[in-house]
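Spelled out from the first residue to the last, the chains are:
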Amino acid sequence: MSDKRSRLIIALDLPTREEALDLAHRTADYASHFKVGSRLFTAEGPELVRELKKSGYGVFLDLKFHDIPNTVAEAAAAATSLGVDMFDVHASGGTAMMRAAVTATRKEADRIGIDPPKILAITVLTSMSSTVDEVLALAERAKGAGLDGIVSSAWEARAVRDRLGPDFLIVTPGIRPSWAAKQDQRRVATPLQAFENGADYIVIGRPIRDSSKRPSEAARMILEDMNPVEVRE
Ligand code: C5P
């Protein structure tokens, strides 16, 4: 794939709207999507998501829904009407819960006349250890329920890709360029390793946010790490 930028999701793990928008604007040339997680969403709410969308950015709403099917369906419809491009639910919430999310998302997207957002299943958090079998079982359950893809570490990405085929999206957090610290992530991989293992997108937070370099420089170096030949100017 030649456009590496289209495969980098930058996590806006920041406390305020101002800081989040600042990071987004500085790094927008390098990212395909910005990820809004529970901290930022709890602090700043849907208005921040609308602002990101208005700026023309892709948004991955990472709230990891996990509840009874009806509640998750209503949350999925709300995420859809907010206009996000991707959101996630926990695969461990079960098939009925995931199916309810898919149905509600399609219905709401139809109602307002937009393409439905991609729904990803969280398999096992990348801060925890897991087995490939566990991740594969959850990924199969998610595909069976009609989800578009999964979030998994780069370590399991190859097995998921081989088992579930080319059209199932794989989004991998827990990415650490060789120059960055591992922090609490356990199953880490470099950007290049993640793509070699079949990932479609990588999610990167602290290595960009906390970089001692400018965030845009860190993001640029990450693109270079994805493909040292194609990206270098
Ligand atoms: O800072 P770091 O690059 O570790 O950030 C990874 C981001 O991806 C965080 O926002 C974290 O919540 C998120 N994430 C994760 N593991 C998952 C799903 C999401 O680390 N399975």
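In what follows, the accompanying structure is described. Everything numeric in this text was worked out from a predicted model, so none of it was measured.

The next thing to look at is the sheet that holds strand β2 (residues 33-37). Taken in spatial order, the eight strands line up as β1-β2-β3-β4-β5-β6-β7-β8 and close into a barrel, and their pairing is parallel. Geometrically, the sheet is characterised by an average inter-axis angle of 25° between neighbouring strands, direction not taken into account. Alignment of strand β4 (residues 86-90) against strand β5 (residues 118-122), held across five bridges, turns out to be parallel. The residue bridging H90 from the neighbouring strand is I122, located in β5. In this fold helix α6 (residues 154-164) packs onto β6 (149-151) and β7 (169-172), with an angle of close to 170° to the strand it touches most, β7.

Around the ligand sit 17 residues in total, of which D13, K35, R176, G205 and R206 are the nearest. At a separation of 2.6 Å, an oxygen atom of the ligand approaches a polar side-chain atom of D13. Between the ligand and R176, the relevant distance is 2.7 Å, taken from an oxygen atom to a side-chain nitrogen or oxygen of the residue. The fraction of the free accessible surface of the ligand (470 Å²) that becomes covered by protein chains is 87%. Those elements giving two or more residues to the shell around the ligand turn out to be β3 (58-65), β8 (201-204) and α8 (206-209). Of the residues that constitute the shell around the ligand, the class distribution is eight nonpolar, three polar and six charged.

To continue, consider the environment of R17. Take R17: it is sitting in helix α1 (residues 17-27). Counting along the chain gives 23 residues from R17 to L40, while the straight-line C-alpha distance between them is 7.6 Å. Apart from residues lying up to four places away in sequence, R17 is in contact with L40, E44, L48 and E51.

What follows is about the packing of aromatic side chains. One pass over the full model with this rule turns up two aromatic pairs. For the cation-ring pair, R7 lies above F195, with the distance from its terminal atom to the ring centre recorded as 4.0 Å. Its guanidinium or amino end placed over the ring of W179, K213 lies 5.7 Å from that ring's centre, counting from NZ or CZ.

What counts, and where the lines are drawn
Residues numbered from 1 in each chain as written. Predicted model: local features only at pLDDT ≥ 70, side-chain atom pairs only at ≥ 80, totals over all residues. Heavy atoms only, no water. Pairing = 2+ DSSP bridges. Helix = DSSP H or I, 4+ residues; strand = E, 2+ residues; numbered from the N terminus. Axes fitted to C-alpha atoms, helices over the stretch in contact; angles between N-to-C directions. Contact = heavy atoms within 4.5 Å. Near = heavy atom within 4 Å. Polar contact = N/O pair within 3.5 Å; in protein donor to acceptor, adjacent residues only side chain to side chain. Areas by Shrake-Rupley, 256 points an atom, 1.4 Å probe, with all protein chains shown as cover. Nonpolar A, V, L, I, M, F, W, Y, C, P; charged D, E, K, R; others polar. Phe/Tyr/Trp six-rings, centres within 6.5 Å; stacked < 30°, edge-to-face > 60°. Lys NZ or Arg CZ within 6 Å of the ring centre and 35° of its normal.

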